[in-house]
Every structure is written in structure tokens, then in C-alpha cells.
Amino acid sequence: MTGWSEVEYTAIRELRGPLAVVDGVTGVGWDEFVRITLDSGEQRHGLVLEVDRGLAVVQVLEDTAGMDPARVRMTFAGGPLRIPVGSGWLGRVCNGRGEPIDGGPPVFGASTAAVGGNPINPVRREPPADPVLTGVGAVDALTTLVRGQKLPVFSVAGLPHLELAAQIAAQSTVAGEAFSVVFAGMGLTHADATFVRDALEERSAAGELVLLLNTADDPVIERILTPRIALTVAEHLAFGMGRHVLVVMTDMTSYAEALREVSAARGEIPARRAYPGYLYSDLASLYERCGRIRGRPGSVTVLPVLTMPAGDITHPVPDLTGYITEGQIVLSRDTHAQGVYPPVDALSSLSRLMRKGAGPGRTRPDHLDVAAQMLAALARARQVREFADLVGQTALSPADRRYLDFDEAFLRRFVDQRRDELRTLDETLESAWRVLLTLPRGQLAMLPSALLDAHGAERG
């Protein structure tokens, strides 16, 4: 770290849980980074939560256990936390505040950057374009992820959202260009953290991955730093080194709960469901750090994963996330109960920027037509299934029964894939064609005749 002030404070008024109250400070601001030196020489770190009339409340990242208020020195940095940036992060596994847990040396870089980041000038923003292919068929075909996009995954407890996040992080590519993944895990159990490390080991060994793991027993304030450190690292890899970077952040609900806890420690007035009133702007300060900059190579694409408490999509975290981001991938309990992975609810999922990253010159000329026809047929199949639940399948017309067959083929032959299966886009779209051709040609009105002829659709 650089820029440390030489002024030290030793007037520690009290220690309260993870908080230290420092007396007689001047020129100290919110979110300022603090170095704490114990009498034994041990060093800890903290962040300023509150400043009021010479008193500073500091959240100690490593907790205050074993600290003696009379034998502690605190040095304020004069600014927020800064971290080294550069290619030194690639291939490393760190905790939520960027300290290595892989047995290697500290991460070094030629320069440092504030973890708070800076907003991209809207005038210099380049619209998202070209796809990030995840190797997950249901995502690539129907909700294509676009470079520079922010596309969240909405899930509920008990669904394999962590497995999906790890699979996407392990498999994603961008047509042969320089590509990196930054994976930020927040509030993970130790078992989940081990799973993520194992699942991403190959990509990490290839020097294409930065892994930040904050576990559930780590300090709460660290959970607030984790996504900011991840995005700071990603921004330099993208805009300083010309790489396309995918940032996977899970679980944003754990992040929001940490924000709520710190807000309560600051004594702030709670808002909706006890979350701070600035939850929207705080989430936006993370999500809006993705994008592309005119005149510079590279891009930052963000895939936040969040669990909806009790499956409530109107809960503040998914609700506000939906306002900020450009679509969503929704996971379904019903689909999961049928043994289908990934349990994507295609009709509830949407990529608002899909047309910017798919179609002629970007993926395949038939991609958008196939996706539109697939979703239209799926919507009709959903209506037929609801009707069959009322009147029974014997009352359905032959055409309606074909839609029930299509619905089953969609789940079993198109969506369902192994958790380690990397599907190319050609394999995905050919699978989509095979499923669509279970319907009569007359029901495929959204596909041009030339495409139907080319794929052998029967006339009649």
C-alpha cells in the first residue's frame, strides 16, 4: 500500500465487537483505510465507518480479539484502500480482501488503484457488442451474454446456482481474443469455497483466472470489499491490458446483508426491510463498472448471482438489481425437480442486449430466428400444458399433443447438459433445430422457408 500518513493515533477510547472508537482525530473521512499496529508488532487493518467531532469509528477487518486499547497504534491512510493492479493477479487465489491463500507471495503490481473505482464517462462508453459464449446451451442460445453487459442470475436456496456460476467461469470464451475471468465469492461456506477452487483449478493454472473467496466466517466488512477489489482488478486487466474480462459475483444477497449489517453499525436509519436507503445506488456503483470504453480494447462483463429469499422476486435485492441490469437468467424450482441441469426458466429469462451480440457476423445467421421461434413455441406449450391440467390430455388436439412433446424435448434434449459439458454454439443451435422440428412445419411460422428447407423440415 502507498500513501500512508505518518500521524499515528493511540487514544483508543473503546473496543466494541469488531469496532474500535478512536478519540482526537482530525482530517479523517469515511471509508478511509487504517493500519492497526498491536504492541506485539502484529498488524491489522480497518475501515472508517463514522467520523463525528473528533471521534472515528473503525471497523477492524480481522476483529478486535486480543487487542488492548492502551497498546494499539492506528495510522490513517488519508484515502480509501488502494491495491496493486496488473497481470500479477492472474492465476492467484486470495481471500476477500486480496491477501493470498494459495501459499504464494503477496500480489504485486507496477501501479495501484483505489478499490472504489471511477465511473466510466458516459460520452466515452461504447455500446456492448459481440458475445461471451459460456458453453451452457440454454444461456448461449436464448439469453446470450454480450461483452460489456451486466446480466444477473436469479435463484433460490437449494438450486445449483453456484455450480452454474462456476461452470460459466470455467468455460466462457470470446472467439480467440485475450480473455480472463475474475470470480468473487461472498459469504461462501468452506465446502462451497473448496468446490469453487476445484472447479476452476484448470483455468487458474492456465493463468486466466483471479479467484477471491470470502467465507461466511470472515469479517463482514471484508464482504463489502470483495466485489470492489474484483472489479478494480478487472478494470485494469480490461482497460489497461486490453483483455475481455468476465466478472462473476456470488452471492449478491450475502453482500447486501453485509451492507445492512455495516449500516446498522453506523447507526443509519434503515429503509425497506432494514436495508440502507442507499442500497440502490450502492448496487449501481458495482454493476455500472462494467462496459467498454471508446478507443480502448477490452471489456468488463458482469454476471452477478443472487438468491431471492423465499423465492420473492420483489425482495429489495433482486428488485433493485432488475432495475439496474440488462435482463436476467432465472432458475426454476420446478425444472430442478425434474432433474434438469441447469434449471433455467427460459420464459422468465431475458437478455435485453442479445441482438447486439448475436446474429449475422457475430454468432450464426439463424441464431436470432431460432431463439425467437423456440421461445414462441415454448410459450404455446406452456399454455397447452395448463389447459391439459384442466381438461385432460385426451381432450387435446393432435397439434396440441405435439406441443407437449416439444416441451419435454426442450427440457431433456436442449436445456439438460452435464455440469462439466462445454457445448459449442453450433452444437447448441443444431440441438435447438432438432427440438423445433418435432413440431409440424406449419407451427414454425417465425422461421424463414429457406432455413426450414435447409434443415429438412417436412412440408405439409
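Structure: above.
Student: Would you explain the pairing of strand β4 (residues 33–38) in this entry?
Tutor: Along a regular strand, successive side chains alternate from one face of the sheet to the other. Across the six residues that make up β4, a large majority, five, are buried. Connecting β4 to the antiparallel partner strand β5 (residues 43–52) that follows it, the hairpin turn spans four residues, and Gly41 within it adopts a positive phi of roughly 100°.

Student: I tried to follow the packing of helix α11 (residues 367–391) against helix α13 (residues 425–436) on my own but got confused; where do I start?
Tutor: Close contact between α11 and α13 brings their axes to 11 Å; oriented N to C, the two are set at 40°. By the angle between their axes, α11 is oblique relative to α13. When you trace α11 past α13, the crossing you get is left-handed. Contact with α11, carried on its side by His367, Val370, Gln373 and Met374, involves Leu425, Leu429, Ala432, Trp433 and Leu436 of α13 and no other residues of that element.

Student: What's the story with the pattern of salt bridges in this structure? I'm lost.
Tutor: It is possible for side chains bearing opposite charge to pair when their charged atoms get close. Counting across every chain of the model gives 33 salt bridges. Salt-bridge contacts for Arg418 lead to Glu421; the nearest nitrogen and oxygen are separated by 4.0 Å. A relative accessible area of 18% places Glu421 in the buried class.

Student: Where do I start with the side chain of Thr363 in this structure?
Tutor: Summarising the element assignment, Thr363 is placed in the loop between α10 (354–357) and α11. Judged by relative accessible area, Thr363 falls into the buried class, the value being 19%. A distance of 2.8 Å separates a polar side-chain atom of Thr363 from the backbone nitrogen of Gly359. Sequence-distant contacts of Thr363, that is, excluding residues within four places in its chain, are made with Pro131, Gly357, Ala358 and Leu425.

Student: Could you clarify how one ought to interpret helix α6 (residues 252–265) in this entry?
Tutor: Residues three or four positions apart in an α-helix share a direction because the helix packs 3.6 residues into each turn. Taking 1.5 Å as the rise per residue, α6 with 14 residues should run 20 Å; its terminal C-alpha atoms sit 20 Å apart, in good agreement. Here α6 has its buried residues at Met252, Thr253, Ser254, Tyr255, Ala256, Ala258, Leu259, Val262 and Ser263. Its side-chain oxygen 2.8 Å from the backbone nitrogen of Thr253, Asp251 forms the N-cap of α6.

Student: Explain the side chain of Asn214 here, please?
Tutor: Secondary-structure assignment places Asn214 in strand β16 (residues 209–215). On the basis of relative accessibility, which here comes to 0%, the residue Asn214 falls in the buried class. Looking at Asn214, its side chain comes within polar contact range of the main-chain nitrogen of Gly187, at 2.9 Å. Dropping the residues within four chain positions of it, Asn214 is found in contact with Gly96, Gly185, Met186, Gly187, Leu188, Pro219, Glu222, Arg223 and Thr226.

Student: Any chance you could explain the sheet that holds strand β3 (residues 19–22) here in plain terms?
Tutor: Strands pair in a sheet through their backbones, by hydrogen bonds, and they do so in one of two ways: parallel or antiparallel. In spatial order, the strands read β1-β7-β4-β5-β6-β3-β2; together these seven strands make up an open sheet with antiparallel pairing. Bordering the open sheet on either side are β1 (8–9) and β2 (12–16), each of which pairs with just one other strand.

Student: When you look at the nonpolar core in this model, what are you seeing that I'm missing?
Tutor: The tendency in soluble globular proteins is for nonpolar side chains to be buried as a group. Ranked by internal contacts, the top residues of the largest apolar core, which has 128 residues, are Phe183, Val247 and Phe410. Among the elements that take part in this core, helix α5 (residues 220–240) stands out by supplying twelve residues, more than any other. Of all hydrophobic cores here, the second largest spans 17 residues; its members include Val25, Leu38, Val72 and Phe76.

Student: Honestly, the sheet that holds strand β21 (residues 350–351) in this entry has me stumped. Any pointers?
Tutor: Strand order in the open sheet formed by eight strands is β9-β16-β15-β17-β19-β14-β20-β21, and the pairing between neighbours is mixed. A strand with exactly one partner marks an edge of an open sheet, and here the two such strands are β9 (93–95) and β21. Bridging between strand β17 (residues 244–250) and strand β19 (residues 299–307) involves seven bridges; their strand directions are parallel. Across the sheet, the residue bridging to Val245 is Val300, located in β19. Contacting β15 (179–188), β17 and β19, α6 crosses the sheet at an angle of about 80° to β19.

Student: Help me out: how do you make sense of helix α8 (residues 316–324) in this one?
Tutor: Residues of α8 that are buried: Pro316, Val317, Pro318, Leu320, Thr321 and Ile324. Looking at the buried positions of α8, the neighbouring elements they touch are β14 (153–155), α6, α7 (279–287) and β19.

How each quantity is defined
Residues numbered from 1 in each chain as written. Predicted model: local features only at pLDDT ≥ 70, side-chain atom pairs only at ≥ 80, totals over all residues. Heavy atoms only, no water. Buried < 20%, exposed > 50% of the residue type's maximum accessible area, 1.4 Å probe, protein only. Helix = DSSP H or I, 4+ residues; strand = E, 2+ residues; numbered from the N terminus. Pairing = 2+ DSSP bridges. Axes fitted to C-alpha atoms, helices over the stretch in contact; angles between N-to-C directions. Parallel < 35°, antiparallel > 145°, perpendicular 65-115°, else oblique. Left-handed = near helix turned anticlockwise from the far one by under 90°. Contact = heavy atoms within 4.5 Å. Salt bridge = Lys/Arg side-chain N within 4 Å of Asp/Glu carboxyl O. Polar contact = N/O pair within 3.5 Å; in protein donor to acceptor, adjacent residues only side chain to side chain. Expected span 1.5 Å × (residues − 1). Core = buried A, V, L, I, M, F, W, Y, C linked by side-chain atoms within 4.5 Å.

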